[in-house]
Amino acid sequence: MSSIWELAKQMTLAYWNGQFLPLETVQVSPLDRGYLFGDGVYEVLIAYNGQAFEAEAHFERLERSMNALQLTGGPDSALLREITRRLLASCFDETKSDAMTLYIQVTRGAETARRHDFPKTAAPCVLAFATPLKRITAERYAKGFSTVSAPDRRWLMGDVKSISLAGAILAHHQADQAGALECILLRDGLVTECSSSNVFIVKDGVIITSVADNRILNGISRRVVLRLAHENGWPAIERDFTEEELRQADEIWVTSTSKEVAPAVTLDGKAVGEGAPGPVWRKMRAAFDLLIDQTAKRNS
Ligand code: PDD
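The following paragraphs examine the structure supplied in this document. This structure is a prediction, so every number in the text was calculated from the model and none was measured.

## A look at the overall build of the chain
Helix and strand counts for the chain come out as nine helices and 15 strands. Relative to a compact globule of 300 residues, whose C-alpha radius of gyration would be 19 Å, the chain shows 20 Å and is just as compact. Projected onto the principal axes, the alpha-carbon positions of the chain cover approximately 55 × 45 × 40 Å. Split into buried and exposed, the 300 residues of the chain put 50% on the buried side.

And the structure:
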């Protein structure tokens, strides 16, 4: 009996260095710098009803990440659009799932030996594939999630979506062991972000999220939340906030492509605010859902 992952791999079409082929047939060199050094960048997009959400923002961020790592010769936005279109179409037809995620990765490629120097001849390796995603249900969101906190021990190029994720993986594992959705990271007494999400607090009706500098990834969902707040006239500011403010917040939200806007109802075992998703989250969630609906109805 094949495992579900085996079956999924057989079904999944991948893009690999100029070709579309089954994911299971992709062969990566052991000398690929992504494999040896974590020398590469990535993006994760979501699609609703086959339609990619905020795709251009993801493509721009990928380009920004490649530039930050001086990774040249990677895919341009026209190729990224084509890859996205073809992979989402193939996955959508097969699964009819309510959502899909698209993973895109670019590494600095493989040379003939392991050397720290930038390769002289290797071309970047580009991998992409789409997989069905079971979205978090409205009922689950309405219950709220638990979160934990930990020191932020990651590197100081957090604005680059690098595949070197050991620091994030350790933080995620801490959340996982506690049965929590996310691990909120603290550095120098300030809140940065989470292992794979951004973080917002609400205090006295004001939505607050950390400044998007080198310490954090400027999440696409984070930007959407800020845009929706602005469009609806809800007070929202980007400023650093302290661990103390986090623990005294009326509401805490965690945002990412797959988690969308998720309310935290506990932090390190203690209730957040009233211990239930708050009224500002409910407003934001409704606005976010509207945007998802508009995306899903595009072209139909
Ligand atoms: N993670 N911060 C970090 C460190 C992240 O890894 C992510 C995304 C985010 C949220 O970004 P966005 O809203 O663009 O998804 C913030 C992706 C989803 C992942 O690694 O799977």
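## Some thoughts on the packing of aromatic side chains
Two numbers describe a pair of aromatic rings. These are the distance of the centres and the angle of the planes. With the rule as written, the count across this model stands at seven aromatic pairs. Taking 5.8 Å as the distance between ring centres and 45° as the angle between the ring planes, the aromatic pair formed by Phe53 and Phe288 counts as tilted. Remark: Phe288 occurs in helix α9 (residues 279–297) and Phe53 occurs in the loop between β4 (51–52) and α3 (55–68); sequence separation between them is 235 residues. Exposure remark for Phe53: the relative accessible area of 6% places this residue in the buried category. When its relative accessible area of 1% is taken as the criterion, Phe288 is described as buried. Among the aromatic residues, those joined into a ring-pair cluster are Tyr42, Tyr103 and Phe129.

## Quick look at the site of the ligand
In the vicinity of the ligand lie 18 residues, with Tyr42, Glu193, Ile220, Ser221 and Thr257 positioned nearest. Ile220 places a main-chain nitrogen or oxygen 2.8 Å from an oxygen atom of the ligand. Contact with the protein chains hides 87% of the accessible area of the ligand, taken as 470 Å² for the molecule alone. Among the elements of the structure, β3 (40–48), β9 (190–194), α7 (220–232) and β13 (251–256) are those that each provide at least two residues to the shell around the ligand. Per-class residue counts for the shell around the ligand are five nonpolar, nine polar and four charged.

## Comments concerning the sheet that holds strand β1 (residues 13–16)
Strand order in the open sheet formed by six strands is β2-β1-β6-β5-β3-β4, and the pairing between neighbours is antiparallel. Among the strands making up the open sheet, the edge pair consists of β2 (19–22) and β4. Looking at chain direction, β1 and strand β6 (residues 125–133) are connected through three bridges and run antiparallel. Across the sheet, residue Ala14 finds its bridge partner in β6, namely Phe129. Taken strand by strand, α3 contacts β3, β4 and β5 (99–107), and its axis lies near 175° from that of β3.

## Here's the deal with the environment of Arg108
Note that Arg108 resides in the loop between β5 and β6. Its relative accessible area of 8% is what places Arg108 among the buried residues. Distance in space between the C-alpha atoms of Arg108 and Val126 is 9.1 Å, their sequence separation being 18 residues. Engagement of the side chain of Arg108 in a polar contact is seen with the side chain of Asp39, the distance being 2.7 Å. Within polar-contact distance, the side chain of Arg108 engages the backbone oxygen of Leu69 at 2.8 Å.

## Brief notes about the nonpolar core
In terms of nonpolar packing, the biggest core is built from 43 residues, with Ile207, Leu246, Ile252, Trp253 and Met284 touching the most fellow members. Looking at this core, the element that brings in the most residues is α9, giving eight residues. Counting 24 residues, the second largest nonpolar core, distinct from the first, contains Leu87, Leu88, Met100 and Ala130.

## Focus on the pattern of salt bridges
Evaluation of the coordinates by the stated rule reveals 24 salt bridges. Of the charged contacts, one joins Asp240 and Arg215 as a salt bridge, the two residues approaching to 2.8 Å between their closest N and O atoms. One end of the pair, Asp240, is in the loop between β12 (236–238) and α8 (243–247); the other, Arg215, is in the loop between β11 (206–209) and α7, and 25 residues separate them in sequence. Its relative accessible area of 29% is what places Asp240 among the partly exposed residues. A residue is classified by how much of its surface remains accessible, and Arg215, at 13% relative accessible area, is buried. With its nearest N and O atoms 3.8 Å apart, the salt bridge here joins Arg227 to Glu231. A residue pair is termed a helical-turn pair when its members lie 3 or 4 positions apart in one helix, as Arg227 and Glu231 do in helix α7 at four residues. Overall, Glu231 belongs to the exposed group, its relative accessible area being 54%.

What counts and what doesn't
- Residues numbered from 1 in each chain as written.
- Predicted model: local features only at pLDDT ≥ 70, side-chain atom pairs only at ≥ 80, totals over all residues.
- Heavy atoms only, no water.
- Helix = DSSP H or I, 4+ residues; strand = E, 2+ residues; numbered from the N terminus.
- Rg over C-alpha atoms; globule rule 2.2 N^0.38 Å.
- Buried < 20%, exposed > 50% of the residue type's maximum accessible area, 1.4 Å probe, protein only.
- Phe/Tyr/Trp six-rings, centres within 6.5 Å; stacked < 30°, edge-to-face > 60°.
- Near = heavy atom within 4 Å.
- Polar contact = N/O pair within 3.5 Å; in protein donor to acceptor, adjacent residues only side chain to side chain.
- Areas by Shrake-Rupley, 256 points an atom, 1.4 Å probe, with all protein chains shown as cover.
- Nonpolar A, V, L, I, M, F, W, Y, C, P; charged D, E, K, R; others polar.
- Pairing = 2+ DSSP bridges.
- Contact = heavy atoms within 4.5 Å.
- Axes fitted to C-alpha atoms, helices over the stretch in contact; angles between N-to-C directions.
- Core = buried A, V, L, I, M, F, W, Y, C linked by side-chain atoms within 4.5 Å.
- Salt bridge = Lys/Arg side-chain N within 4 Å of Asp/Glu carboxyl O.

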